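# A structural walkthrough
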Amino acid sequence: MTRLSQASLAALPGSVAAPRYDRAAVRPGVVHFGPGAFHRAHQAAAFDTLLAQDPRWGLTGVSLHSRGVADALNPQDGLYTLARLDAETDYRVIGAIGRVLTREDPAAILAALVHADTRIVSATVTEKGYCLAAEGTLDFTSPAIAADLEAARSADWMPSSFTGWLVRGFQGRRLAGLPGVTVLCCDNLSDNGRKLEAATLALAEAVDPETARWIADHAAFPNAMVDSITPATDDALRRRVAAAIGQEDAWPIQRERFTQWVIEERFAGERPALDLAGVTFTGDVRPFETAKLRLLNGAHSSLAYIGLGRGLETVAEAMADRELAAFAERLMREDIAPSVFAPAGLDLQAYISDILARFANPAIRHLLSQIAWDGSQKLPYRLLDTVRAALAAGRPVVRLALPIAAWLRFLAAAAREGRPITDPLSGPLLQRAEDWRAVLAMREVFGELGADPRFVGAVEAGLAGLAAGRLDPACVH
Ligand code: CS2
């Protein structure tokens, strides 16, 4: 079977959408760190739409941790298929990515960052990729940041961390007299732009204060919220895509039809006209971000840990478990929604109904085990901030603590069975897992909450409820 490439585009069946612009005329205006599924499902598709109008916004991908995406996409001239899953699946070949660089070629990464055409550096490096401590500030003790501090003593240093690359790239731009850049964080962190800005300035201050001043004057870090459910690629998708496009695609991507990208209007230079691709620009992203992180991601993680404990495999299966679906709905409507200040014009209860319907979409096989990754990094934004808000307002936290109890049971089961978990804190978590109070005492995850008797009591009630197979401990409050 022919492998997807620029040369094979003309042979695609008419049912498959493909770039309608001249790819040879595209100039790379964006360097994107972390060109994984989430980015390729979503932001790259938006830039692909924009490129039909304006060829100055091509993407250069940078994978810092593995060669997989580069090895799959570079032989395909950056092309890949996006399958949108719904009652009927449609297929679209995306052409926005020109090439994917890896850390094996640091000079090429630096050249891309220090290039006059580059106006945006964007990122989906996942929560842990920012090396932040519990308070959301740069963790100078994390190995990648410590390595960068050491490396930066030499003038021609090459960084390890994403934040290090930002500082190195800005240093290069300052020395070359190039204009500033917009840094667009697209990960599920609250206040993501501001946190990344503070982390970048902190690292720059430590390695090159002049570059820190340059960043403060020239760079912009808008907050952004991105939403689209993107299950990991599996062989079933590869087969379906091959059948639909009549060619082999080494790494197709799938997502639900729904998509939302809200970006703060805070650009260092020209703003790409992404509104042409359905992107919302707004003065304040926080209400959108809080609604999405707390409601959608909070419920997702709850379904994941509780669902896995009930032997379920996918989000749709969890939603078919009536007791669990009812729990998730109550959690969202009664416990999370009161902590969310809805963006103007958004009906929160309708937003919740839409999320529940998206979760139940039978066309999507989204593994609970995928969502369960990196709990120590995700839960603080997804549930613990909500617990803090509820406690501050004097509301009960018994239901909010149940998914936390389910995570503790998930850790304990992994430790007992000697099963590895995917989490940057897996070592300390699994070491303490059989003593849940010791896990709650980990300040890097729970901050001060681990010592709050109201929260600890609610977690204890949750653990007892789950041990007895009960989900809604309504009777307790
Ligand atoms: C999910 C998210 O894997 C996870 O933790 O909760 O990736 C979720 O699907 C997206 O944020 C939806 O926009």
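Residues numbered from 1 in each chain as written. Predicted model: local features only at pLDDT ≥ 70, side-chain atom pairs only at ≥ 80, totals over all residues. Heavy atoms only, no water.

## Some thoughts on the overall build of the chain
Put simply, the rule reads: Segments assigned H or I by DSSP are reported as helices when at least four residues long, segments assigned E as strands when at least two residues long, and all are numbered from the N terminus. Throughout, the radius of gyration refers to the C-alpha atoms, and the reference size of a globule is 2.2 Å times the residue count to the power 0.38. Only protein chains enter the area calculation, which uses a 1.4 Å probe; residues under 20% of their type maximum are buried, those over 50% are exposed, and those in between are partly exposed. Any pair of residues with heavy atoms lying within 4.5 Å of one another is described as a contacting pair. Surface exposure here means Shrake-Rupley accessible area, sampled with a 1.4 Å probe, where a residue is shielded only by the protein chains that are shown. Only four residue types enter the tally: Lys and Arg on the positive side, Asp and Glu on the negative side, with His and both chain ends excluded. Charge positions are represented by NZ for Lys, CZ for Arg, CG for Asp and CD for Glu.
When its secondary structure is counted, the chain shows 20 helices and 11 strands. A globule of 477 residues ought to have a C-alpha radius of gyration of about 23 Å, and the chain, at 22 Å, matches this closely. Counting only residues that meet the buried cut, the chain has 57% of its 477 residues in that class. At a minimum sequence separation of 6, the contacts of the chain that also span at least 24 residues come to 75%. For the chain, the computed accessible surface area is about 18700 Å², with 52% contributed by carbon and sulfur atoms. One way to put it: in the chain the 49 positive side-chain charges average out to a point 1 Å from where the 56 negative ones average out.

## Regarding the domain arrangement of the chain
To keep it simple, the criterion reads: Domain segmentation is taken from an automatic or database assignment of domains. As used here, buried area is the combined drop in accessible area, with a 1.4 Å probe, of two parts when they are placed together. The working definition used for a salt bridge is a side-chain nitrogen of Lys or Arg within 4 Å of a carboxyl oxygen of Asp or Glu. Two N or O atoms form a polar contact when they lie within 3.5 Å of each other; inside protein one atom must be a possible hydrogen donor and the other a possible acceptor, and for residues adjacent in sequence the pair counts only when both atoms belong to side chains.
Here the domain parsing of the chain yields domain 1 (6-282) and domain 2 (286-475). One C-alpha centre belongs to domain 1, the other to domain 2; they are set 29 Å apart. In this assembly, 28 residues from domain 1 lie in contact with 27 residues from domain 2. The junction of domain 1 with domain 2 conceals about 2300 Å² of combined surface from both sides, 54% of it contributed by carbon and sulfur atoms. When residues of domain 1 are sorted by the area they lose upon contact with domain 2, Glu127, Lys128 and Ile229 head the list and together hold 25% of the total. Counting across the interface, domain 1 meets domain 2 through five salt bridges. Run the count over domain 1 and domain 2 and you get nine residue pairs in polar contact (both at pLDDT 80 or more).

## Some points on the site of the ligand
The condition is simple: Proximity is defined per residue: if any heavy atom of the residue lies within 4 Å of a molecule or strand, that residue is considered near it.
For the ligand, the set of nearby residues contains 13 residues, the closest of which are Asp227, Ser228, Lys292, His300 and Lys378. Within the contact set of the ligand, an oxygen atom lies 2.7 Å away from a side-chain nitrogen or oxygen of Lys292. Note that an oxygen atom of the ligand is positioned 3.0 Å from one of the side-chain N or O atoms of Asn297. Protein chains shield 91% of the accessible area of the ligand, which is 340 Å² for the free molecule.

## Points about the sheet that holds strand 10 (residues 260-264)
Cut-off, in case you're wondering: At least two bridges found by DSSP between two strands is the condition for calling them paired. To define axes, lines are fitted to C-alpha atoms, for helices over the stretch in contact only, and angles between the resulting N-to-C directions are given on a 0 to 180 degree scale.
The three strands lie next to each other as 8-10-11, forming an open sheet whose pairing is mixed. Each of the sheet's edge strands pairs with one partner strand only, and the pair in question is strand 8 (224-227) and strand 11 (280-282). Strand-to-strand twist of the sheet, defined as the mean angle between neighbouring strand axes without regard to direction, takes the value 15 degrees.

## Here we look at helix 2 (residues 43-51)
Of all nine residues that make up helix 2, eight are buried, and the element is covered over most of its length. Within helix 2, the full set of buried residues consists of Gln43, Ala44, Ala45, Ala46, Phe47, Asp48, Leu50 and Leu51.

## Overview of the nonpolar core
For the record, the criterion: Side-chain atoms within 4.5 Å are what join buried Ala, Val, Leu, Ile, Met, Phe, Trp, Tyr and Cys residues into a set we call a nonpolar core.
Membership of the largest hydrophobic core comes to 70 residues, with the highest contact counts inside it found for Leu295, Phe359, Trp407, Phe446, Phe455 and Val459. A total of 12 residues in this core trace back to one element, the largest contributor, which is helix 16 (residues 398-417). Contact partners of Val459, with chain neighbours within four places excluded, come to Ala401, Ile404, Ala405, Leu408, Trp436 and Leu440. In terms of nonpolar packing, the next biggest core, distinct from the first, is built from 40 residues, Val125, Ala152, Val181 and Phe221 among them.

## Remarks on the packing of helix 6 (residues 162-176) against helix 8 (residues 209-218)
Inclusion rule: For classification purposes, an angle smaller than 35 degrees is called roughly parallel, one larger than 145 roughly antiparallel, one from 65 to 115 roughly perpendicular, and anything else oblique. Residue classes follow a fixed rule: Ala, Val, Leu, Ile, Met, Phe, Trp, Tyr, Cys and Pro count as nonpolar, while Asp, Glu, Lys and Arg count as charged, and any other residue, Gly among them, counts as polar.
With their axes 9 Å apart at the nearest point, helix 6 and helix 8 run at an angle of 85 degrees to one another. Classified by the interaxial angle, the pair formed by helix 6 and helix 8 is roughly perpendicular. Residues Val167, Phe170, Gln171, Arg173 and Arg174 of helix 6 form the contact with helix 8, whose participating residues are Glu210, Thr211, Trp214 and Ile215. Of the residues contributing to the contact of helix 6 with helix 8, the split by class is four nonpolar, two polar and three charged.

## Remarks on the side chain of Gln254
Here Gln254 is to be found in strand 9 (residues 253-256). Note on Gln254: relative accessible area 7%, which makes it buried. There is a polar contact of 2.9 Å between the side chain of Gln254 and the backbone oxygen of Ala232. Setting aside its immediate chain neighbours within four residues, Gln254 contacts Ala83, Leu85, Ile229, Thr230, Pro231, Ala232, Thr233, Asp234 and Leu237.

## Points about the packing of aromatic side chains
Heads up, the rule is: Side-chain rings of Phe, Tyr and Trp, where Trp is taken by its six-membered ring, are said to pair if the distance between their centres is within 6.5 Å; with planes under 30 degrees apart they count as stacked, over 60 as edge-to-face, and otherwise as tilted. Whether a charge sits over a ring comes down to the Lys NZ or Arg CZ being within 6 Å of the ring centre and within 35 degrees of the ring normal.
Following the criterion strictly, the structure yields nine aromatic pairs and no others. A centroid spacing of 6.2 Å and a plane angle of 45 degrees characterise the contact between Trp407 and Phe446, whose relative ring orientation is tilted. With Trp407 in helix 16 and Phe446 in helix 19 (residues 443-446), this pair connects stretches of sequence that are 39 residues apart. In this pair, the class of Trp407 matches that of Phe446, namely buried. Through successive ring pairs, a cluster of aromatic residues spans Tyr305, Trp407, Phe410, Phe446 and Phe455. Just above the ring of Tyr80 sits the side chain of Arg40; from NZ or CZ to the centre is 5.4 Å. Seen from the ring of Trp57, Arg119 lies directly overhead, with NZ or CZ sitting 4.2 Å from the centre.

## Some words on helix 12 (residues 322-336)
This is how the line gets drawn: To estimate how far a helix should extend, the number of its residues minus one is multiplied by 1.5 Å.
Taking 1.5 Å as the rise per residue, helix 12 with 15 residues should run 21 Å; its terminal C-alpha atoms sit 20 Å apart, in good agreement. Where helix 12 is buried, its residues contact helix 10 (286-309), helix 11 (315-320), helix 13 (348-360), helix 15 (375-392) and helix 16.

## Quick notes on the state of the cysteines
Keep this limit in mind: Any pair of cysteine sulfurs within 2.5 Å is marked as a disulfide.
Here the structure, examined in full by the defined rule, presents zero disulfides. Cysteine Cys131 is unpaired, with the sulfur of Cys185 as its nearest cysteine sulfur at 13 Å.

## Remarks on the pattern of salt bridges
If you walk through the whole model with that rule in mind, you get 36 salt bridges. A salt bridge links Arg27 to Asp117; its shortest N-O distance comes to 3.3 Å. Of the two residues, Arg27 sits in the segment before strand 1 (28-33) while Asp117 sits in the loop between helix 4 (106-113) and strand 6 (120-123), which places them 90 residues apart along the sequence. One network of salt bridges, with partners in common, ties together Asp54, Arg56, Arg119 and Glu270.

## Observations regarding the packing of helix 7 (residues 192-207) against helix 8
Taken N-terminus to C-terminus, the directions of helix 7 and helix 8 make an angle of 150 degrees; their axes are 6 Å apart at the nearest point. Judged on the interaxial angle alone, helix 8 and helix 7 are roughly antiparallel. Judged by residue contacts, Thr200, Leu201, Ala204, Glu205 and Val207 of helix 7 engage Pro209, Thr211, Ala212, Ile215 and Ala216 from helix 8. Here the residues of the contact of helix 7 with helix 8 are counted per class, giving seven nonpolar, two polar and one charged.

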